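# Structure at a glance
Here is how the chains run, residue by residue.
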Amino acid sequence: MQAYFWVKTLHVVFVVAWMAAVFYLPRILVNLAESAGQPEVQARLVLMGRRLYRFGHMMFGIALVLGLVLWLGYRVIPDFPTMVGPGSGWLHAKLALVVLVLAHYVVSGRWLKRVARGGALPSGRALRWFNELPVLGLVVIVYLVLAKPF
């Protein structure tokens with residue numbers, strides 16, 4: 001049972017680190033959209049964005065592996081609790097939302113790569129709205145995990 005709590009703790013820590021990247025990368029895009037005509041500022045922001053995007057990918061990968069251990073670890077680790085079975089519909093809903101947040105993150109990364117190649121971004125206002133979407137997803141995900149409503 002001790003292994004379960006360590007895996008769960010590390011999973012939450014790496015999810016928090018990934019969510020920091022999910023929240024901040026669109027903010028960098030907003031700054032890029034609003035710094036048109038300032039090549040030095042844009043170069044710095046693109047560099048920051050690339051590093052953050054790479055960091056976020058690593059954090060997501062580790063969180064994913066730990067999440068898979070939480071989900072299926074009972075098959076390998078003795079006395080490991082399972083979330084598989086009746087009453088785990090919340091888990092499927094959570095995973096669907098995680099996929100949507102991941103898609104949001106990938107879109108942010110593609111926009112960053114487009115800017116690095118000299119392409120255009122949506123307006124700063126549109127990017128600000130885009131920045132708020134993962135917050136809503138996170139609220140629902142946390143609710144599903146804590147309440148396990150179905």
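The text that follows walks through the structure, step by step, so that each part is easy to find.

Reading the values: rules and limits
Residues numbered from 1 in each chain as written. Predicted model: local features only at pLDDT ≥ 70, side-chain atom pairs only at ≥ 80, totals over all residues. Heavy atoms only, no water. Phe/Tyr/Trp six-rings, centres within 6.5 Å; stacked < 30°, edge-to-face > 60°. Lys NZ or Arg CZ within 6 Å of the ring centre and 35° of its normal. Core = buried A, V, L, I, M, F, W, Y, C linked by side-chain atoms within 4.5 Å. Buried < 20%, exposed > 50% of the residue type's maximum accessible area, 1.4 Å probe, protein only. Helix = DSSP H or I, 4+ residues; strand = E, 2+ residues; numbered from the N terminus. Contact = heavy atoms within 4.5 Å. Salt bridge = Lys/Arg side-chain N within 4 Å of Asp/Glu carboxyl O. Patch = residues over 30% accessible without salt bridge, like charges linked within 9 Å, V, L, I, M, F, W, Y side chains within 5 Å. Areas by Shrake-Rupley, 256 points an atom, 1.4 Å probe, with all protein chains shown as cover. Lys, Arg positive; Asp, Glu negative; His and termini not counted. Charge placed at Lys NZ, Arg CZ, Asp CG, Glu CD.

Pairs of aromatic rings are described using the distance from one ring centre to the other and the angle between the two planes. Scanning the entire structure with this criterion turns up five aromatic pairs. Cluster of aromatic residues (ring-pair linked, three or more members): Trp18, Tyr53, Phe60 and Tyr105. The ring of Trp90 has Lys148 sitting right over it, with the charged end atom 4.6 Å from the ring centre.

Residues Trp18, Val22, Leu25, Leu29, Leu32, Val101 and Tyr105 are the most contacted members of the largest nonpolar core, which totals 25 residues. Elements represented by at least two residues in this core include exactly α1 (2–34), α2 (39–72), α3 (89–116) and α4 (124–147). No other element matches the 10 residues that α1 contributes to this core. In contact with Trp18, not counting residues within four places along its chain, are Gly56, Met59, Phe60, Val98, Val101, Leu102 and Tyr105. The next biggest cluster of nonpolar side chains, apart from the first, holds five residues, and it includes Val7, Leu66, Leu70 and Phe80.

To continue, consider the pattern of salt bridges. One pass over the full model with this rule turns up one salt bridge. Between Arg128 and Glu34 there is a salt bridge, and its shortest N-O distance comes to 2.8 Å. Placement of the pair is Arg128 in helix α4 and Glu34 in helix α1, with a sequence separation of 94 residues.

Turning next to a positive patch on the surface. Taken together, the side chains of Arg44, Arg50, Arg51 and Arg54 present a region of like positive charge at the surface. Inspection of the secondary structure puts Arg44 in helix α2. Take Arg44: its relative accessible area is 54%, and that puts it in the exposed class.

Along the chain, Ser35 turns up in the loop between α1 and α2. By relative accessible area, Ser35 is classed as buried at 4%. The spatial distance from the C-alpha of Ser35 to the C-alpha of Val12 is 35 Å, given a sequence separation of 23 residues. Residues within four places of Ser35 in sequence aside, it is in contact with Val41, Gln42 and Leu45.

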